Amino acid sequence: MSAPLERDLAEWLDYLSVLGVRELRVRQAAAPAPAPAPLVDPPPSSSCSAQGSLGISDEFADPPAADPAARLAEIRQDIGDCSRCKLHQGRTHIVFGVGNPRARLMFVGEGPGAEEDARGEPFVGRAGKKLDEMIAAIGLRREDVYIANVVKCRPPGNRDPEPDEIATCSPFLVRQIEAIRPRVIVTLGSPAARTLLRARAGITQLRGTWHSFRGIPVMPTFHPAYLLRSYTLENRRKVFEDLKAARERMDDAGS
Ligand code: URA
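All values derive from a computational prediction rather than experimental measurement.

**As for the overall build of the chain**
Phase 1: In terms of regular secondary structure, the chain is built from 9 helices and 6 strands.
Phase 2: When each of the 255 residues of the chain is scored for burial, the buried share is 47%.
Phase 3: Looking at the chain alone, contacts between residues at least 24 apart form 76% of all its contacts between residues at least 6 apart.
Phase 4: Summed over all atoms, the accessible surface of the chain reaches about 12300 Å², with 51% contributed by carbon and sulfur.

Spelled out as structure tokens, the structure:
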């Protein structure tokens, strides 16, 4: 096995152990599955630093896609009519992602809800309306950004995605990020932040500070569904502050 492959595998196994996976079963895939990409940067030296440059990281395996839309289409094709994890059993649609393939700002949620499952598009239910308002509050439109989830199929009863589901599906999210190369990522809620940042901390601790995913600045904030449940002035202010910081960082990074 080549040294980089061995290192990737070691990082991947380490990441799975953080997620709580204790056992792996190997099965023959019907079609060749994409190689799992290691998910994360090393932990940031300071929770407030954005890990150096705002530019595109050279830590991705592939050079930037000349045609991000085509790269995204390839990733969607690789997902196929997926049955890699148990979430496929209850889904109506795979919810791949939506938005501008050259978006400078990308939002990452946890997984589709009932309405998203029915329509095949992320964040179209009540939380989605709130997300649209959040996007508008920083002077952008839904079609300016890209929106995706950690898992592409609806967890039953809107529970959090489980570690094995995240481990199976998140390589596709990584490939989406790699195709789009946004200047800034905003994660929505704990599962998305923990997945990208390999953090054990909850969203209350993580939000409001800069982190990094392969050199891309990441701002974790509250999930819009949480905001709807706890619609306090303080929470709304915090989310607005997080999004304003993300917008500023995106503008600083240029086109
Ligand atoms: N919540 C999420 O995290 N993602 C969606 O797409 C919808 C609700």
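**Some points on the pairing of strand β3 (residues 146–149)**
Phase 1: Covered by surrounding structure in β3 are Y146 and A148 together with I147 and N149, the residues of both alternating faces.
Phase 2: Inspection of the sheet shows strand β1 (residues 98–99) paired to β3 by 2 bridges, in the antiparallel sense. Bridge pairing in β3 links V98 to I147.
Phase 3: Pairing of strand β2 (residues 105–109) with β3, which is carried by 4 bridges, proceeds in the parallel orientation. Counted as the bridge partner of G109 is N149 from β3.

**Comments concerning helix α4 (residues 126–137)**
Phase 1: The first and last C-alpha atoms of α4 sit 17 Å apart over 12 residues, in line with the 16 Å expected at 1.5 Å per residue.
Phase 2: Within two residues after α4, G139 carries a phi angle of roughly 75°, on the positive side.

**Let's talk about the site of the ligand**
Phase 1: G109, E110, G111, P112, E116, P122, F123, N149 and H223 make up every residue found near the ligand.
Phase 2: At 2.9 Å, a backbone N or O of E110 approaches an oxygen atom of the ligand.
Phase 3: In isolation the ligand offers 230 Å² of accessible surface; the protein chains occlude 92% of this area.
Phase 4: When grouped by side-chain class, the residues that make up the shell around the ligand number 3 nonpolar, 4 polar and 2 charged.

**Some words on the packing of helix α2 (residues 68–79) against helix α5 (residues 163–180)**
Phase 1: At a minimum axis distance of 9 Å, the contact between α2 and α5 shows a crossing angle of 170°. In terms of orientation, α2 and α5 fall into the roughly antiparallel class. As for how α2 packs across α5, the hand of that crossing is right-handed. Residues P68, R71, L72, I75, D78 and I79 of α2 form the contact with α5, whose own contacting residues are F172, R175, Q176, A179 and I180.

How each quantity is defined
- Residues numbered from 1 in each chain as written.
- Predicted model: local features only at pLDDT ≥ 70, side-chain atom pairs only at ≥ 80, totals over all residues.
- Heavy atoms only, no water.
- Helix = DSSP H or I, 4+ residues; strand = E, 2+ residues; numbered from the N terminus.
- Buried < 20%, exposed > 50% of the residue type's maximum accessible area, 1.4 Å probe, protein only.
- Contact = heavy atoms within 4.5 Å.
- Areas by Shrake-Rupley, 256 points an atom, 1.4 Å probe, with all protein chains shown as cover.
- Pairing = 2+ DSSP bridges.
- Expected span 1.5 Å × (residues − 1).
- Near = heavy atom within 4 Å.
- Polar contact = N/O pair within 3.5 Å; in protein donor to acceptor, adjacent residues only side chain to side chain.
- Nonpolar A, V, L, I, M, F, W, Y, C, P; charged D, E, K, R; others polar.
- Axes fitted to C-alpha atoms, helices over the stretch in contact; angles between N-to-C directions.
- Parallel < 35°, antiparallel > 145°, perpendicular 65-115°, else oblique.
- Left-handed = near helix turned anticlockwise from the far one by under 90°.

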